[in-house]
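Architecture and fold: a report
Given next are the chains, with one letter for each unit.
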Amino acid sequence: MSLPLNGIKIIDFTHVQAGPACTQLLAWFGADVIKVERPGSGDVTRTQLRDIPDVDALYFTMLNSNKRSLTLDTKKPDGKKILEQLIRESDVLVENFGPGALDRMGFSWERINELNPKMIVASVKGFSDGHHYEDLKVYENVAQCAGGAASTTGFWDGPPTVSAAALGDSNTGMHLAIGILTALIGRDKTGKGQKVAVSMQDAVLNLCRVKLRDQQRLDRLGFLEEYPQYPHGEFSDVVPRGGNAGGGGQPGWVLKCKGWENDPNAYIYFTIQGHAWEPICKALGKPEWISDPNYSTAKARQPHIFDIFKTIEDWLADKTKYEAVDILRKFDIPCSPVLSMKEIAADPSLRASGSITEVPHKERGTYLTVGSPIKFSDLKPEITGSPLLGEHSDEVLAGLGYGTDDIKRLREGGVI
Ligand code: COA
């Protein structure tokens, strides 16, 4: 099947998660992504958290499908020469090295632009250029703390908490992918490449915008009416952690269902949206709440919202999370079971849509991975296994004009 990004060649100089998530997405959509890795070791995630001895870890396989792997020591003169050749004939170079590493390697933006003025150079860093922390190396949780997620996540009586969702890593990669596609469209118009950069702090902040909204409301009003702290608790001058409260203005909470004593995920998320109040009352068998002035408006409900949640939990006590959602969905109430990873892995709908998919791998057999969350009417990306270290070195070098003897010499010299 012809894919929209067929013909786009990407030098994938990324490692760990933020960069690889971006280039994997572009590979799914047809780009030829050549992952450049250090000979002998490769991306550190190949060996991190291994579940099978001597086989690429799932951490690697789940972030590098649909790519080719070229081993190349880009600090050696022959390695630099090969990288220069690749730059001349590629469209995009993506990297997420520590600050200054690409420059130290001799491939500054100016140099790359000189080699190929049409090239798009896309970077992930912890902090943006010129930021007072621009020199810092950054991992996921560091970014969550720097971007406002940690200070606003968790419970008010506990410490700042990071999310399990990769807001700093994969999320930054997704932002970068949008930047790269935008720069490619821009290049069609101008004929020129450009530098695209996303900092992990900025990408986290972009997802925390409602908390910046709340800071300004708090500054003006001194309270936040949809937070559990209102009206009985106290507010300081910073946005507090709101536990499981809804961030969009609809009160909601994680509520216990049948079996919660033994199953850590026997819960649903229940949202009390203003316009859903009448159906909620009907679903719960509390029709008298519909017109009761203590319940009929969001403002009237807020002072005793936890009593309301308790009543809903009483109603949920003899229902599994699935049974509860099956009843509530008939009343158009926004809710969901809290799903464990085990349940997600087996979910037939996620499998049918390709959001979860099994992929063959040369050494580990098949593995389960996350497929494209973006669905198109005219294309369904086929997810293929991740490459072994240097699996495509010979093929890529042959494409650059290197013969068998040259390749042997490069291998013996530790260049590939
Ligand atoms: N050939 C030769 N050298 C290579 C190479 C190759 N193919 N690939 C990488 N290297 C070198 C780099 O040039 C660098 O050398 P230098 O520091 O001597 O100049 C060295 O390997 C280390 O690179 P670096 O990226 O700094 O790795 P690290 O393990 O020290 O740090 C991170 C890891 C993730 C903290 C760091 O890369 C970083 O902060 N990246 C930006 C933010 C980010 O993406 N974070 C991770 C999100 S998952």
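As the structure is a prediction and not an experimental result, all values here were calculated from the model.

Examining the pairing of strand β5 (residues 120-125)
Consecutive side chains of a regular strand alternate in pointing toward one face of the sheet and then the other. With six of six residues buried, β5 is to be regarded as a mostly interior element. Burial along β5 is two-sided: Ile 120, Ala 122 and Val 124 facing one way and Val 121, Ser 123 and Lys 125 facing the other are all buried. Looking at chain direction, strand β4 (residues 92-95) and β5 are connected through four bridges and run parallel. Counted as the bridge partner of Val 92 is Ile 120 from β5. Relative to strand β6 (residues 195-199), β5 is paired through five bridges, and the arrangement is parallel. Its bridge partner lying in β6, Lys 125 is registered against Ser 199.

Side note on the pattern of salt bridges
In this structure the tally under the stated criterion is 28 salt bridges. Two residues, Lys 125 and Glu 95, come together in a salt bridge whose shortest N-O distance is 2.8 Å. Linking Lys 125 in strand β5 with Glu 95 in strand β4, this pair joins segments that are 30 residues apart in sequence. Each member of the pair Lys 125 and Glu 95 is classed as buried. Its salt-bridge partner being Glu 391, residue Lys 362 comes within 2.7 Å of it at the nearest N-O pair. Pair noted here: Lys 362 is in the loop between β10 (356-361) and β11 (365-370) and Glu 391 is in the loop between β11 and α16 (393-399), with a separation of 29 residues, a long-range link. Three or more residues are tied together by salt bridges with common partners; here these are Arg 213, Asp 214, Arg 217 and Glu 226.

Regarding the sheet that holds β4
Taken together, the six strands give an open sheet; going across it, the order is β3-β2-β1-β4-β5-β6, and neighbouring strands pair in parallel fashion. Looking at the sheet topology across the chains shown, the edges are occupied by β3 (68-71) and β6. This sheet shows a mean twist of 20° between the axes of neighbouring strands, independent of strand direction. Sheet strands touched by helix α8 (residues 200-207): β5 and β6. Its angle to β6, the strand with the most contacts, is close to 65°.

A few points about the UniProt feature "binding site: substrate" (unreviewed entry) in the protein chain
The positions UniProt marks with the feature "binding site: substrate" (unreviewed entry) are Gly 248, Gly 249 and Gln 250. By the secondary structure assignment, Gln 250 is in the loop between α9 (209-221) and β7 (252-256).

Reading guide: rules and limits
- Numbering of residues begins from 1 in every chain and follows the order in which that chain's sequence is written.
- Two thresholds apply to this predicted model, a pLDDT of at least 70 for residue-level local features and 80 or more for giving and counting side-chain atom pairs, whereas whole-chain, interface and lining totals are computed over all residues.
- Side-chain calculation: all heavy atoms of the structure are included, whereas hydrogens and water are not.
- When a residue's accessible area, from a 1.4 Å probe over protein chains only, is under 20% of the maximum for its type it is buried; when over 50% it is exposed; and in between it is partly exposed.
- Secondary structure counts use DSSP, requiring at least four H or I residues in a row for a helix and at least two E residues in a row for a strand, with both numbered from the N terminus.
- DSSP-based pairing: two strands are paired if at least 2 bridges between them are found.
- A carboxyl oxygen of Asp or Glu within 4 Å of a side-chain nitrogen of Lys or Arg is what we treat as a salt bridge.
- Whenever a helix is involved, its axis is fitted only over the stretch in contact; in every case the axis is a line through C-alpha atoms, and angles between N-to-C directions fall within 0 to 180 degrees.
- Residues are treated as being in contact if the distance between any of their heavy atoms lies within 4.5 Å.
- UniProt positions are given in the numbering used here, feature names are shortened, and annotations may be inferred rather than shown by experiment.

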